[in-house]
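Residue strings, one per chain:
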Amino acid sequence: MLQSKNYKFWFCTGSQDLYGDECLAHVAAHSQEIVKFLNDSGLLPYEVVVKPTMITSEVIFNTFRAANADAECAGVITWMHTFSPAKSWIHGLKELKKPLLHFHTQYNREIPYDTIDMDFMNENQAAHGDREYGHIVTRMGIAREVIMGYWQDAHVIEKIGAWMNSAIGVVESSKVRVCRFADNMRNVAVTEGDKVEAEIKFGWEIDAWPINCLTPYVDAVTDDEANALVDEYYKKYKIILDGRDEKEFREHVLVQAKQEIGIEKFLVEHNYQAVVTHFGDLGSLKQLPGLAIQHLMEKGYGFGAEGDWKTAALLRVMKLMTAGKKDAKGTSFMEDYTYNLVPGKEGILQAHMLEVCPTIADGEIAIRCTPLSMGDREDPARLVFTAKEGDGIAVSLIDLGHRFRLIINEVTVKKTEKPMPMLPVATAFWTPKPDLETGAEGWIYAGGAHHTAFTYDLTADDMVRWADSMGIESVVIGEGTTIRGLKKDLKLGEAYYKN
Ligand code: MN
């Protein structure tokens, strides 16, 4: 579900035909060596493919046009080994629709002091050629990433890997289709937004479906099919009966299993990768989908509650951006609930009614079945756990009426001081950076929502890069943020993104 394509990145080395065949042969050989090293490093989430050296405007144009047309190409990495007159890049760059990385490196690490001559200088002048090339990309106003450093250094290769993950978010964004069961929760503002503009900006198709379109799909699930899934749940998760009869408890879990199978069938048949529900509009569903949605999120589907299509689509994009990540710690829909304001122990308790993704779970996951205290349905079965410790980001996409803003808060997830046995939902507890007071004040000044897409596996920079590619404003609240500085950022954003 998560990985839809075997993505590759094209490595395009710039040069020109002024230096003779021998030099160009070296350029091509060096590029091949560098690409082989990058691929063999084990540090990149996706394969790099070397392309023939780009020496004329025509070659560049045709290569970039081919990159656009290749469904498996997720981005282009450019590097000027020698000087490459930048006017020859204009037509190609105008054509390029894929994410662009300018890798500013050099074949040799050290200046060969004893042997260096003008031939060497002509052949190895990225310091020169990459400035010429960088100039034209800046002049043309093209969003791109610049990474400088030696191609054998792990931290440099890791930066390329992080860019690749953002690039996947860019190319996959236009394929996200959100199935929205029911409409927005009445009177809620922040989950609303302009769906037409979202399709123009992000490529997201957001469709509404009456919840009862789901009924035949859930009803068609046989007991055998659902029981097989319940057996899987029972094998994987601990059961906390909370005094309920064992048989009755399993019946409730069976309802969730039927919902999971039915919802997924619907999503697959209609080609949706994200889903939105509303606890106040459940049609014929016997329970609010809890465990069912949690399991679907774990498989890679985006999710938003109470009509929140923006967070659903964003979560799907972020799950795809982390798909290539080794040892990923998890990505989930989340909601700010309640504070701990004890000095030195400040933080926000995160949860939702039910729908928190088990990919972020630390240790044991249990199924519980307790009243929802909202709505008019059966007590829904849900997965209960606490989140892993560590740094992450909480991200909110808001519609300001005339444009979108992406708000990113760096947070540190911690364990709560004590367990919360009376709270039958999955939780995370985090302290926003730079501290709770600044983090929360900044979030509110920026207009951030109570719903977020949370991940341990991306950085604020990764999301800023994605926002830049989408042409929307991004605001980061993190280490070093001050309210004075943030207010200035917001004013600058207001001016810059006026149209
Ligand atoms: Mn909510």
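What this report covers is the structure whose coordinates are included nearby. (Residues numbered from 1 in each chain as written. Predicted model: local features only at pLDDT ≥ 70, side-chain atom pairs only at ≥ 80, totals over all residues. Heavy atoms only, no water.)

**So, the packing of aromatic side chains**
Two aromatic rings, taken as a pair, are described by how far apart their centres are and by the angle between their planes. Using the following cut-off: Only the six-membered ring of Trp is used, alongside the rings of Phe and Tyr, when aromatic pairs are assigned; centres must lie within 6.5 Å, and planes under 30 degrees apart are stacked while those over 60 apart are edge-to-face, with the rest tilted. Every helix listed is a DSSP run of H or I at least four residues long, and every strand listed is a run of E at least two residues long, numbered separately from the N terminus. Burial status follows relative accessibility: with a 1.4 Å probe on protein chains alone, a residue under 20% of its type maximum counts as buried, one over 50% as exposed, and anything between as partly exposed.
Overall, the coordinates contain 21 aromatic pairs when judged by the stated rule. With a centroid separation of 5.8 Å and an interplanar angle of 15 degrees, the aromatic rings of tyrosine 107 and tryptophan 151 are classed as stacked. Of this pair, tyrosine 107 sits in the loop between β4 (100-104) and α4 (118-123) while tryptophan 151 is found in the loop between β5 (145-148) and α6 (154-173), placing the two residues 44 residues apart along the sequence. Residue tyrosine 107 is classed as partly exposed on the basis of its relative accessible area of 21%. Relative to tyrosine 237, the ring of tyrosine 233 lies with its centre 6.4 Å away and its plane at 35 degrees, an arrangement referred to as tilted. Overall, the relative accessible area of 0% leaves tyrosine 233 in the buried class.

**Some words on the coordination of the manganese ion**
To keep things clear, this is the line we draw: In this analysis a donor is any N, O or S atom within 2.8 Å of a metal ion (3.2 Å for sodium, potassium and calcium), and since water is not included, sites may seem incomplete.
For the manganese ion, the full set of protein donor atoms is Glu306 (OE), Glu335 (OE), His352 (NE2) and His451 (NE2), and the range of their distances to it is 2.1 to 2.2 Å. Mapping the donors of the manganese ion onto the primary sequence yields the spacing E-x28-E-x16-H-x98-H. Here histidine 352 lies in the loop between β12 (347-351) and β13 (361-369) and glutamate 306 lies in the loop between β10 (302-305) and α12 (309-321), a separation of 46 residues in the sequence. Take glutamate 306 and histidine 352: they sit in the same class, and that class is buried.

**Focus: helix α5 (residues 126-139)**
Owing to its 3.6 residues per turn, the α-helix aligns residues three or four sequence positions apart on the same side. Put simply, the rule reads: Every helix has an expected span of 1.5 Å times one less than the residues it contains. The arc in question is the one traced by the directions running from the helix axis out to the C-beta atoms. Residue contacts are defined here by distance: any two heavy atoms, one from each residue, within 4.5 Å place the two residues in contact.
The first and last C-alpha atoms of α5 sit 19 Å apart over 14 residues, in line with the 20 Å expected at 1.5 Å per residue. Restricting attention to buried positions, one finds in α5 the residues Ala126, Gly129, Asp130, Tyr133, Gly134, Ile136 and Val137. For α5, the angular spread of buried residues about the axis comes to 160 degrees, placing them on one side. Those residues of α5 that are exposed and angled more than 90 degrees off the buried face are Arg131, Thr138 and Arg139. Check the buried side of α5 and you find it contacts β3 (73-80), α3 (90-95) and β4. Looking at the residues trailing α5, positive phi occurs at glycine 141, about 65 degrees.

**So, the environment of cysteine 73**
Position of cysteine 73 relative to the elements: it lies in strand β3. For cysteine 73, a relative accessible area of 1% translates into the label buried. Through-space distance from the C-alpha of cysteine 73 to that of glutamate 199 is 22 Å; in sequence the pair is 126 residues apart. Once you skip the residues sitting within four places of it in the chain, cysteine 73 turns out to touch Lys8, Trp10, Ala67 and Lys98.

**Some words on the sheet that holds strand β6 (residues 177-181)**
Worth spelling out the cut-off: DSSP calls a pair of strands paired once it identifies at least 2 bridges connecting them. For helices, the axis comes from a line fit to the C-alpha atoms of the stretch in contact; other axes are also lines fit to C-alpha atoms, and the angle between any two N-to-C directions lies between 0 and 180 degrees.
Spatially, β7-β6-β9-β10 is the arrangement adopted by the four strands of the open sheet, whose pairing is parallel. Every other strand in the sheet has two partners, leaving β7 (205-209) and β10 as the edge strands with one partner each. On average, adjacent strands in this sheet sit at an angle of 20 degrees to one another, irrespective of strand direction. Set on the sheet, α12 makes contact with β6, β7, β9 (274-277) and β10; between it and β10 the angle comes to about 160 degrees.

**A look at the environment of alanine 208**
Relative to the helices and strands, alanine 208 is located in strand β7. With a relative accessible area of 58%, alanine 208 lands in the exposed category. A C-alpha to C-alpha distance of 24 Å links alanine 208 and proline 380, two positions 172 residues apart in sequence.

**Quick notes on unusual backbone geometry**
With an omega of 0 degrees, the peptide bond between lysine 433 and proline 434 qualifies as cis. Its place among the elements puts proline 434 in the loop between β17 (428-432) and α13 (436-446). One non-glycine residue, alanine 182, lies in positive phi territory at about 70 degrees. Although it is not a glycine, asparagine 187 adopts a positive phi angle of roughly 70 degrees. Inspection of the secondary structure assignment puts asparagine 187 in the loop between β6 and α7 (195-202).

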